[in-house]
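Listed below are the residues making up each chain.
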Amino acid sequence: DPTAGTAGMLSADADYLHAHNPDARLNVYGQELNAESYAICKADMLIKGQDVSNIVLGNTLSDDGHPDKKFDYMLSNPPFGVEWKKVEKAVRQEYEQKGHDGRFGPGLPRVSDGSMLFLLHLVSKMRPAVDGGCRFGIVLNGSPLFTGGAGSGESEIRRYVIENDLVEAIIGLPTDMFYNTGIATYVWILSNRKPVKRKGKIQLIDASAFWQKMRKSLGSKRKELSEAHIDEITRLFGDFIEAEQDGKPISRIFDNSAFGYRTITVERPLKDAQGKVVLAEKGKLKGKPQPDSALRDTENVPLAEDVESYFKREVLPHAPDAWIDHDKTRVGYEIPFNRHFYVFQPPRPLAEIDAELKQCTDRILSMIAGLSA
């Protein structure tokens, strides 16, 4: 766990493993930034008979405490929405000098949120598939699902993990699940040893309705998963099935390509005061219509769809003189989680709404008449 804290998740996982197999041998590793939490973590590992030298103090992003290690299983609950400006120099240096030989080769997210850097850190620590492979889980907020357009650091990170077929599933949790925040959170499950039926696929599970109220709140934490909820989420994941509950989808399965798109740049010709198309006089567009930057627009075309077919259907009927500048085309990835679980609920009939409004109006008029009397 590269964000080990006081070893809460490491301890829980060790207990869970030994409950299923008392003879299992588990070597626990972790890193923690906060000195007090680090001390508690080491003490906990000492009590459990672990090698405490495997727990390292320091900033995981700027000073990797396990630089040469690969792991079978990993987990992390990094801070949500915390900027990484203090370690920006070290992170950018590794990105620029080492590229894909370092941890951050796929890209860097915006400085205001470093959670996706922890995702890349874990990816870099995965034991190679030929050596048995790895699976890990990381808890993130909603931002890493969709923040950043095509070509941005966030999109490039999503592109890397999806195109390399590492994402097994993403589980949406209820709000109010954590002590210090009430926002919705998501568990990403990544693996480089997907079973055959999961290859090229991503499973989304909406567990936002799976909760019970806690008897006593702990800060912002007011909800918890019951054992039955955990069993149901585990079953949906383990069986790799699509499912509904009360007429609403709670598990869906998609091809990796469903989350990719091309952002195309649509140009329109510049025209002079007389409405005549202005031709470029130099450069690669010499003799061709000069684009009008004020009319420039972009369109997102799903990867599974032919760009030219989309352009003819969606753009040309409205702008017959438009064209695509293919040099500006960028590939992006996003995971619009909520959109895939949205169920349209038609509004009530207008006559019913009108009747209800009339009842309210009549009641108000009756009250006014009573006051006048």
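Report follows, based on the coordinates. As a convention, each chain's residues are numbered from 1 in the sequence order in which they are written. pLDDT decides what is reported in this predicted model: residues at 70 or higher carry local features, side-chain atom pairs at 80 or more are listed and counted, and totals for whole chains, interfaces and linings draw on all residues regardless. Side-chain numbers come from the whole structure's heavy atoms, not from hydrogens or water.

1. Some points on the nonpolar core
Remark: nonpolar core denotes a set of buried residues (Ala, Val, Leu, Ile, Met, Phe, Trp, Tyr, Cys) joined through side-chain atoms within 4.5 Å. Only protein chains enter the calculation, and the probe is 1.4 Å; a residue is then buried if its accessible area is under 20% of its type maximum, exposed if over 50%, and partly exposed in between. In terms of nonpolar packing, the biggest core is built from 39 residues, with Phe136, Ile170, Trp188, Leu190 and Leu204 touching the most fellow members. Strands here mean DSSP runs of E at least two residues long; helices mean DSSP runs of H or I at least four residues long; both are numbered from the N terminus. The set of elements that each furnish at least two residues to this core consists of α4 (115–124), β4 (135–141), α6 (153–163), β5 (167–172), β6 (185–191) and β7 (201–206). When residues in this core are grouped by element, the largest group, seven residues, is from α4. Leave out the neighbours within four places in its chain, and Trp188 touches Leu119, Phe136, Gly137, Ile138, Leu140, Pro144, Leu145, Ala169, Ile170 and Ile335. Formed by 15 residues, the second largest nonpolar core is a distinct cluster that contains Phe80, Val139, Ala243 and Ile250. The contact criterion used throughout is that any non-hydrogen atoms of two residues lie within 4.5 Å.

2. Details of the environment of Ser152
By the secondary structure assignment, Ser152 is in the loop between α5 (143–146) and α6. Judged by relative accessible area, which is 19%, Ser152 ranks as buried. As for Ser152 and Arg330, which are separated by 178 residues in sequence, their C-alpha atoms are 9.8 Å apart. Within 3.5 Å is the distance limit for a polar contact, defined as a pair of N or O atoms, with the added protein rule that one can donate a hydrogen and the other accept it, and that residues adjacent in sequence qualify only through two side-chain atoms. Reaching out from Ser152, the side chain makes a polar contact with the backbone nitrogen of Ser155 at a distance of 3.3 Å.

3. Quick look at the pattern of salt bridges
Take a side-chain nitrogen of Lys or Arg and a carboxyl oxygen of Asp or Glu: if they are within 4 Å of each other, that pair is a salt bridge. Counting across every chain of the model gives 28 salt bridges. One salt bridge in this structure joins Arg103 and Glu94, with 3.0 Å as the shortest N-O distance. Accessibility assignment for this pair places Arg103 and Glu94 in one class, buried. Each of Glu267, Arg296, Asp325 and Lys328 takes part in a single network of salt bridges with overlapping partners.

4. Digging into helix α3 (residues 88–98)
Every buried residue of α3 is accounted for by Glu88, Val91 and Glu94. Down the axis of α3, the buried side of the element spans an arc of 140 degrees, and every buried residue falls inside it. Summarising the geometry of α3, the exposed residues directed more than 90 degrees from the buried face are Lys89, Glu96 and Gln97. Where the residues of α3 are buried, they touch α4. Arc definition: directions from the helix axis to the C-beta atoms.

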